[in-house]
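Now for the letters of each chain:
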Amino acid sequence: MAVYDLGDVVALGVTITDVNGNPANATSVVATITCPDGTQVLPTVTNSGTGLYDVSYTPTQYGRFTIRWVATGTNASAYADEFSVREIG
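Below or above, wherever it landed, is the structure these notes cover. Computed from a predicted model, the values in this text were never measured in an experiment. (Residues numbered from 1 in each chain as written. Predicted model: local features only at pLDDT ≥ 70, side-chain atom pairs only at ≥ 80, totals over all residues. Heavy atoms only, no water.)

Enumeration according to the criterion identifies 2 salt bridges in this entry. The shortest N-O distance in the salt bridge between R64 and E82 comes to 2.8 Å. Separated by 18 residues along the polypeptide, R64 in strand 7 (residues 63–72) and E82 in strand 8 (residues 77–86) bring together distant segments of the chain. Judged by its relative accessible area of 48%, R64 falls in the partly exposed class. Relative accessible area serves as the criterion here: at 29%, E82 is assigned to the partly exposed category. (Salt bridge = Lys/Arg side-chain N within 4 Å of Asp/Glu carboxyl O. Helix = DSSP H or I, 4+ residues; strand = E, 2+ residues; numbered from the N terminus. Buried < 20%, exposed > 50% of the residue type's maximum accessible area, 1.4 Å probe, protein only.)

This paragraph deals with the nonpolar core. Residues L12, W69 and F83 are the most contacted members of the largest nonpolar core, which totals 19 residues. The element best represented in this core is strand 7, accounting for 4 residues. Excluding residues that lie within four positions of it along the chain, L12 makes contacts with I33, Y53, D54, V55, I67, W69 and F83. (Core = buried A, V, L, I, M, F, W, Y, C linked by side-chain atoms within 4.5 Å. Contact = heavy atoms within 4.5 Å.)

Right, let's talk about the sheet that holds strand 2 (residues 10–15) for a bit. Overall, antiparallel pairing links the 3 strands, which are arranged 2-6-5 in an open sheet. Here the strands that pair on one side only, and so sit at the sheet edges, are strand 2 and strand 5 (46–49). When strand polarity is set aside, the average angle formed by the axes of neighbouring strands in this sheet is 35°. Bridge count for strand 5 against strand 6 (residues 52–57) is 3 bridges, and the pairing is antiparallel. Among the inter-strand pairings, G49 is bridged to a residue of strand 6, identified as L52. (Pairing = 2+ DSSP bridges. Axes fitted to C-alpha atoms, helices over the stretch in contact; angles between N-to-C directions.)

Time to look at the pairing of strand 2. The side chains of a regular strand alternate, residue by residue, between the two faces of the sheet. Of the two faces of strand 2, only the one carrying V10, L12 and V14 is buried; A11, G13 and T15 on the other face are not. Taken together, the 6 bridges between strand 2 and strand 6 define a ladder with antiparallel strand orientation. By the bridge assignment for strand 6, L12 is matched with V55.

Moving on, we get to the environment of I16. Considering the arrangement of structural elements, one finds I16 in the loop between strand 2 and strand 3 (28–34). On the basis of relative accessibility, which here comes to 5%, the residue I16 falls in the buried class. In this structure the C-alpha to C-alpha distance between I16 and G51, which are 35 residues apart in sequence, comes to 4.7 Å. If sequence neighbours within four positions are ignored, I16 has contacts with N22, P23, A24, A26, V29, G51, Y53, A71, N75 and S77.

This is the structure:
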């Protein structure tokens with residue numbers, strides 16, 4: 001699990017693939033970040049290349065975060081990951 005300092009910009013990404021495992025775009029991709037206090041954030045997802053989807057997120061609290069990526073339509077899939085933010089000082 002990746003660990004960041006409070007206030008760092010956290011760069012997150014996922015690669016969507018087709019049935020053959022090749023990078024391929026989806027019709028739509030949504031990322032949902034769940035914060036340690038249970039609130040959810042829907043950051044803007046950028047399609048930075050074929051099958052590549054990215055978000056940048058600056059956490060305002062420390063603890064364990066989860067991110068769930070959901071691709072719908074063409075090449076539909078889902079992926080979940082987590083990261084941790086530590087308090088500094």
